[in-house]
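# Chains, contacts and geometry: an overview
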Amino acid sequence: MGYIIEPADQTWLIAFVNEYATAAWAARGSVESYADVADLGAVPPMAPSLPFRSLAAVADCVFDVVVAGSAEARAEALNRLISPAAPQVSVVLLDELTSVVLSASSDKADLLALSCGLAMAELVEDVGAARMGTCDATKCDRIYIDRSPKGSRAYCSQQCQTRSRVARHRAKQRLAADAINEAA
Ligand SMILES: [Zn+2]
């Protein structure tokens, strides 16, 4: 039997994607300034020893689940995360109690992908794909999970929401000023 796998912590997973996915650091303009995976919350045990490139590849695959344009594309992206580790279901004794566990023997990047894939599959089931998205703010491609009662979230953070509101307000003021100038 290989490693026993559990779904990644959802809060950690979103923070991880927003640090390591290509879209996230492309928007940030730098690959240099990402946070350590262990500083993002409840880190999966296999993540800290992985190199940046492996982490970014897993994060990109999770990002693909969020931005998938159809249920088929989403299922495909989830399978890309889950299948490389070739998971197996078995019954083991944990503290003298029998438990059904998912295990896999593979490299750590595949195991992390599996753990992230299970967490994303749970999220898709729990909150629904319509409640996942990327930030509406310009120059931001961070992902969010919308847990608001109305399902009206459009930004990754309060900062992006404020920044966009200010930009919209200024654009409106400019339009009004232009209209006055044209009338004069
Ligand atoms: Zn944002």
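Residues numbered from 1 in each chain as written. Predicted model: local features only at pLDDT ≥ 70, side-chain atom pairs only at ≥ 80, totals over all residues.

### Re helix α4 (residues 71-82)
Heads up, the condition is: Numbering of helices and strands starts at the N terminus; helices are DSSP runs of H or I of at least 4 residues and strands are runs of E of at least 2. A helix is expected to reach a length of 1.5 Å times the quantity of its residues less one. Partly exposed residues are those whose C-beta has more than 12 but fewer than 20 other C-beta atoms within 10 Å; 20 or more makes a residue buried and 12 or fewer makes it exposed, with C-beta atoms placed from the backbone. Along the arc lie the directions from the helix axis toward the C-beta atoms. It is the C-beta atoms, placed from the backbone, that decide contacts: two residues are in contact if theirs lie within 7 Å.
Under the 1.5 Å per step criterion, the end-to-end length of α4 is 16 Å for twelve residues, consistent within 8% with the ideal 16 Å. Listed as buried for α4 are R74, A77, L78, L81 and I82. Buried residues along α4 cover an arc of 135 degrees about the axis, so they all sit on one side. Facing away from the buried side of α4 by over 90 degrees, the exposed positions are E72 and N79. Check the buried side of α4 and you find it contacts α3 (52-67) and α5 (108-127).

### Focus: the sheet that holds strand β3 (residues 97-104)
Short version of the rule: When DSSP finds two or more bridges between a pair of strands, those strands are recorded as paired.
What the three strands build is an open sheet, ordered β1-β3-β2; its pairing is antiparallel. Each edge of the open sheet carries a strand with a single partner, namely β1 (3-4) and β2 (88-94).

### Some points on α5
In a regular helix each residue adds 1.5 Å, so 20 residues correspond to 28 Å; α5 covers 28 Å between its end C-alpha atoms and thus fits that length. Within α5, the full set of buried residues consists of D110, L111, L112, A113, L114, S115, C116, G117, A119, M120 and L123. Contacts made by the buried residues of α5 are with β1, α1 (10-20), α3, α4, β3 and β5 (143-145). One or two positions beyond α5, positive phi appears at G128, with a value near 90 degrees.

### Quick look at unusual backbone geometry
Excluding glycine, a negative phi dihedral is what most residues carry, and trans is how most peptide bonds are arranged. The backbone of D95 sits at a positive phi, close to 50 degrees, despite the residue not being glycine. For D95, the position within the fold is in the loop between β2 and β3. On the basis of neighbour count, D95 is assigned to the exposed category, with 5 C-beta atoms found within 10 Å. Look at K139: it is not a glycine, yet its phi comes out positive at around 55 degrees. Its place among the elements puts K139 in the loop between β4 (132-134) and β5. According to the C-beta neighbour criterion, K139 is exposed, with 11 such atoms within 10 Å.

### Remarks on the nonpolar core
We count it as follows: In these notes, a nonpolar core means any group of buried Ala, Val, Leu, Ile, Met, Phe, Trp, Tyr and Cys residues linked to one another through C-beta atoms within 7 Å.
Counting residues in hydrophobic clusters, the biggest one holds 43 residues, and the most contacted among them are V17, A59, V62, L81 and C116. Counting only elements with at least two residues in this core, the list comes to α1, α2 (22-28), α3, α4, α5 and β5. Here this core takes nine residues from α3, the largest share from any one element. Dropping the residues within four chain positions of it, V62 is found in contact with L13, V17, L81, C116 and M120.

Without other data, these values stay purely geometric and don't point to any function.
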